Each structure stands twice: as C-alpha cells, then as structure tokens.
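Structural overview
Spelled out from the first residue to the last, the chains are:
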Amino acid sequence: MVGAALIGAAVALAIFGVFRGLAIASLRIDRDALARPVAAAFASGALDVEASWMHGNTEIGSHQYNDCLILFQAMDDRAPARLRAISPLSVPVDTNNSCAALHGFASGQVQPPTRFYHQYLHAHTTLARWLVPQLGVAGLRGLYKLLATLLLLAGIGYALMGLARGRRAHEAGAWLAIVVVFARWFGLESFGQSLGHGPADLVVLAFLLFLARGSAERPLGEGAVVIAAAAFGALTMQFEFLTGGLPLGLAVVLGAVPLALSVDVGNGRTLLRAVIAFSIAAGATMIAKLLLVAIMFPAGALATIEHQLLFRVGLEQAARRDTAVGGYEFVTHLWAGLEGMASGMHILVLGSLAIALVAGGWGYRRLRVSADAGERFRATALAASLLVPPLWLVLFWQHSAEHAWFMDRILTWDIAGGMALFALALRQPASE
C-alpha cells in the first residue's frame, strides 16, 4: 500500500508541475487578447451581463457565474505574475453577478479591489487564458461539449462491441448502462460547455472510457489501474471547483475499477491500491498548492481556506451574502436541484434514481447469494460506491443546499451503479 501512496504522490507532483508551468507561461498573454473575445461574447449573447444563473439553458449553459468568474481571473493582471501563477485575482467576495463585474472590468469601466482566490488550483483559469484568445468564449464552450460528446459516444460504441463479441459480455452490459446514464442524467446539455464544469466532467468521462475500453477484451493489470487512478485523482483536484469532482471521482474508483479487473477475490488489494492512489494524488496536489500559498503569501491566506471548509460543513457562519441553511432548506433545495440532471424533469430523475436503486438492490442480493467470492467482492464494492455521493451531500450540507442545482449531479453515479449491478446479476442463476 505504501507503493500505491508513493505512486499517487509522484504522479500528482508531476501533473502539478506541468500545470504550474502552463500557468506561468499563460501569464505572458496580454490582457487585451482576453478582453477582446470577452467583449465579443457579451455582444453576441454568449455571455449575459444580466444573468449569473440560467437554469436549464442548453445554449450558453446554466452556470454563467463560474464562467464569468474564470474569465475575470484569467484577465486580471493587477498583481505580480509570481503570485498570480499560484492564485489568480478574483471578483470581490460579495459579488452576486460576476458577469456584470467581468463586463465592467473588460470595458475598463470598473477596477474592483484586488483579491486573491486561494481555495482552488484553478486549472480552468489556465486553460481559459490559453484557449479563449484562440477560440473565443463560444468556441471553447463548444470544444468542451464536443469532447464530452465524443467520449460518451466512444464509451457506448465500445460497450456495444463488447456485447456483440460476447467477451466479458456482462461487464460490457454494465459499462453500457453506466455510459448511457451519464449521457442522459449527468446534465451535460446544461453544464458540459461550462468553463468551470466542462474540464472536470471531461476528466471523469475520460477515466470511465479508459476503464471500459481497457477492459473490453481482457482485464486490466494492477499497475495500469493504480497509475490511472493516481492521474485521475490529480487531474480531478486540478479542476475541482467544489462542483462534485472529488466525491464523484471517489465513487467511480470504488465502484468502476472492479469492473475492469478480473473476477478474482484477490482484487480487493488492487482496488484498495487504486483508492489510495486516487486519494493521495488528490491530497498531494492540494498540499502542494497550500505550501506555495504559505510560502508566497501572508499567513492570513490559509485562514480563508480553513474558514471556507468550516463554513461549507456548517460549523461556521459567513459574514457575507451566504445564508444559513436548515433541514427544510436542505431537503427542498436538493429536490429543486434535481433539475440539473434533467432540465424540467424532476419526477423522471427521482423515479430513475428509485428504479436504479431497487434494481441495484435486486442485483446485489442475487450476486451475494449466487456468485462466487470474486463476484461478491465486485458487487460489494459497487454497492458501497453508491453511498459516497449521498454521504458527501450530507457532510457538506451547507454547500450541498446552496449549490444543489449542480451538486445533485453526483447522484448520477447512484443511477449508473444501480443499473450496472442489475446488468452484472443477469448472468447469475436465480437462487432457490
């Protein structure tokens, strides 16, 4: 297990170094090179100065706040490059409409107070600096959405070919269920083009495709799985914007990795190593960022990160626009947020989730009763992974309620995993 931890740390530091190099190099890009496509985006309607949130919008996306926030961070060059390479400047803390702040800043009409945004690694901002001058805002969104589409189509294609060939057919059936669920219930029509959600979504979909494609004809080896899980963890943290990447990633590793392995009771060790590699890589990536903040910024910089963490789990109150959340708000906001998974179709989402959990429970029971030890282990890991998203929503209950309209998307895994359990159980004879 020490080896898996070392692999996770090594892969994380390598990826961290690459993104830090990209961030430093991106700071050479002139502010005007970003301001021009941003102004064009406001003129064309690709950015809306009046709306930070556009729930259910499939053209420019639901989450304008994050898009404008990232573009503001990419553009604001009013601090030394050595500091902005670690943490970008951001809109003022009490800004309710980041698009209005971005519009004023891009046109030279507003010079808001400088504020460093330490809480994340902001790889989205680095990509925006590089790509927006080349593609424009609409072009970058289109690229993200196209890549997500291609990953999903490839996953569906590989799963269908696996079913047609008859090799690892039930695994192929499970993969087909997972990919189709992500294509329908992950809300990509509303979030796939987002400058904040898009890159993180691509990381999840790419890892799923790696597992599905790699195990199409024969099980994957332990080394490949552990290294891939480490890269998955590091990239997830690079693009994590508290939009659900970490809990979804952990659930995917726990539940999907066994599908790519042989049906062997000894796979428990491989899965544990993969979970350790993912977790250590994500943790090491964040620690590297915190060390740079501690070295390069005043001591109070770390206190803002600590405060945000305590606030998001409800242990502190924020002296700003965020409001207290109680049990009623938690439940009602989570219900309303289901629209993020399928716009305007709450009943479809809730019904699909219920059906998937019932079907998955049936599949788990059948596998536990009828399968050999290896099958039972795989079923147990997949069933356990279904607990991760709801537990995360409860643990970070303040954040979950305030941002349910995109945090609910992590429940996609519960639909996918339940359907996958059902598919795996179809080859087992009914118990007497």
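The notes below deal with the structure included here. All values derive from a computational prediction rather than experimental measurement.

Conventions and cut-offs
Residues numbered from 1 in each chain as written. Predicted model: local features only at pLDDT ≥ 70, side-chain atom pairs only at ≥ 80, totals over all residues. Heavy atoms only, no water. Helix = DSSP H or I, 4+ residues; strand = E, 2+ residues; numbered from the N terminus. Buried < 20%, exposed > 50% of the residue type's maximum accessible area, 1.4 Å probe, protein only. Contact = heavy atoms within 4.5 Å. Areas by Shrake-Rupley, 256 points an atom, 1.4 Å probe, with all protein chains shown as cover. Lys, Arg positive; Asp, Glu negative; His and termini not counted. Salt bridge = Lys/Arg side-chain N within 4 Å of Asp/Glu carboxyl O. Polar contact = N/O pair within 3.5 Å; in protein donor to acceptor, adjacent residues only side chain to side chain. Patch = residues over 30% accessible without salt bridge, like charges linked within 9 Å, V, L, I, M, F, W, Y side chains within 5 Å. Expected span 1.5 Å × (residues − 1). Disulfide = S-S within 2.5 Å. Phe/Tyr/Trp six-rings, centres within 6.5 Å; stacked < 30°, edge-to-face > 60°. Axes fitted to C-alpha atoms, helices over the stretch in contact; angles between N-to-C directions. Parallel < 35°, antiparallel > 145°, perpendicular 65-115°, else oblique. Nonpolar A, V, L, I, M, F, W, Y, C, P; charged D, E, K, R; others polar.

**Concerning the overall build of the protein chain**
Secondary structure assignment for the protein chain yields 20 helices and 0 strands. Overall, the C-alpha framework of the protein chain stretches about 75 × 45 × 40 Å when taken along its three principal axes. Counting only residues that meet the buried cut, the protein chain has 55% of its 432 residues in that class. The contacts of the protein chain with a sequence gap of at least 6 include a subset with a gap of at least 24, amounting to 79%. Put simply, the protein chain shows about 17000 Å² of open surface, and 66% of that area lies on carbon and sulfur atoms.

**Observations regarding the side chain of arginine 129**
Residue placement: arginine 129 occurs in helix H6 (residues 123–165). Within the buried core, arginine 129 has no salt-bridge partner, and the shortest N-O distance to an opposite charge, that of aspartate 76, equals 8.9 Å. A distance of 3.2 Å separates a polar side-chain atom of arginine 129 from the backbone oxygen of alanine 74. Contact partners of arginine 129, with chain neighbours within four places excluded, come to Ala23, Ser26, Leu27, Ile29, Leu34, Gln73, Ala74, Arg84 and Pro88.

**Topic: the side chain of asparagine 57**
Residue placement: asparagine 57 occurs in the loop between helix H2 (31–44) and helix H3 (64–75). A polar contact is formed between the side chain of asparagine 57 and the backbone nitrogen of glutamate 59, at a distance of 2.8 Å. When sequence neighbours within four positions are dropped, the list of residues in contact with asparagine 57 reads Ser62, Glu189, Ser190 and Gln193.

**Looking at the pattern of salt bridges**
Side chains that differ in charge, positive against negative, can pair when their charged atoms come close. What the rule picks out here adds up to 8 salt bridges. Here aspartate 201 ties to arginine 409 by a salt bridge, and the two come within 3.0 Å at their closest N and O atoms. Of the two residues, aspartate 201 is situated in helix H9 (residues 197–214) and arginine 409 in the loop between helix H19 (404–407) and helix H20 (412–425); the sequence distance between them amounts to 208 residues. In this pair, the class of aspartate 201 matches that of arginine 409, namely buried. Notably, a salt bridge pairs arginine 269 with glutamate 222, separated by 3.1 Å at the nearest N-O pair. Pair noted here: arginine 269 is in helix H12 (residues 267–296) and glutamate 222 is in helix H10 (residues 222–239), with a separation of 47 residues, a long-range link.

**A closer look at a nonpolar patch on the surface**
Together, Leu146, Leu147, Leu150 and Leu153 make up an exposed nonpolar region whose accessible area comes to about 360 Å². Mapped onto the fold, leucine 146 is located in helix H6.

**Notes on helix H16 (residues 373–385)**
Taking 1.5 Å per residue as the helical rise, H16 with its 13 residues ought to reach 18 Å, and the 18 Å between its terminal C-alpha atoms agrees with that figure. Packing partners of the buried residues in H16 comprise helix H7 (169–185), helix H11 (245–260), H12, helix H15 (346–370), helix H17 (388–395) and H20. A distance of 3.2 Å separates the backbone nitrogen of glycine 374 from a side-chain oxygen at the start of H16, and that oxygen is part of aspartate 372.

**A closer look at the state of the cysteines**
By the definition in use, this model includes 1 disulfide. What pairs with cysteine 68 in a disulfide is cysteine 99, and their sulfur atoms sit 2.1 Å apart. Across the S-S bond of cysteine 68 and cysteine 99 the torsion is about 85 degrees, and the bridge reads as right-handed. Residue cysteine 68 is found in helix H3, and its partner cysteine 99 is found in helix H5 (residues 98–106); the two are separated by 31 residues along the sequence. A relative accessible area of 0% places cysteine 68 in the buried class.

**Quick look at the packing of aromatic side chains**
Applying the stated rule across the entire model yields 16 aromatic pairs. Consider the rings of tyrosine 120 and phenylalanine 241, whose centres lie 4.7 Å apart with planes at 65 degrees: the pair is edge-to-face. With tyrosine 120 in the loop between H5 and H6 and phenylalanine 241 in the loop between H10 and H11, the pair connects residues that are 121 residues apart, well separated along the chain. When sorted by exposure, tyrosine 120 lands in the same class as phenylalanine 241, which is buried. Aromatic pair phenylalanine 182 and phenylalanine 186: ring centres 5.1 Å apart, planes at 65 degrees, arrangement edge-to-face. Exposure remark for phenylalanine 186: the relative accessible area of 2% places this residue in the buried category. Among the aromatic residues, those joined into a cluster by ring pairs are Phe207, Phe210, Phe232 and Phe278.

**Remarks on the packing of H7 against H11**
Where H7 meets H11, the closest approach of the two axes is 10 Å, and the angle between their N-to-C directions is 155 degrees. With respect to each other, H7 and H11 are oriented roughly antiparallel. Seen from H7, the contacting residues are Glu171, Ala174, Trp175, Ile178 and Phe182; seen from H11, they are Leu248, Ala256, Leu259 and Ala260. Here the contact of H7 with H11 is built from residues that sort into 8 nonpolar, no polar and 1 charged.

**Structural notes on unusual backbone geometry**
Of all residues except glycine, most have a negative phi; of all peptide bonds, most are trans. If you check the backbone angles, histidine 122 has positive phi at about 65 degrees while not being a glycine. Checked against the element boundaries, histidine 122 lands in the loop between H5 and H6. Given the relative accessible area of 3%, histidine 122 is considered buried. Positive phi values are uncommon outside glycine, yet leucine 242 reaches one of about 50 degrees. Position of leucine 242 among the secondary structure elements: in the loop between H10 and H11.

**Overview of helix H1 (residues 2–26)**
Here H1 is 25 residues long and its end C-alpha atoms lie 36 Å apart, about the 36 Å a rise of 1.5 Å per residue gives. Where H1 is concerned, the buried positions are Ala4, Gly8, Val11, Ala12, Ile15, Phe16, Phe19, Ala23, Ala25 and Ser26. Along its buried surface, H1 packs onto H6, H10 and H12.

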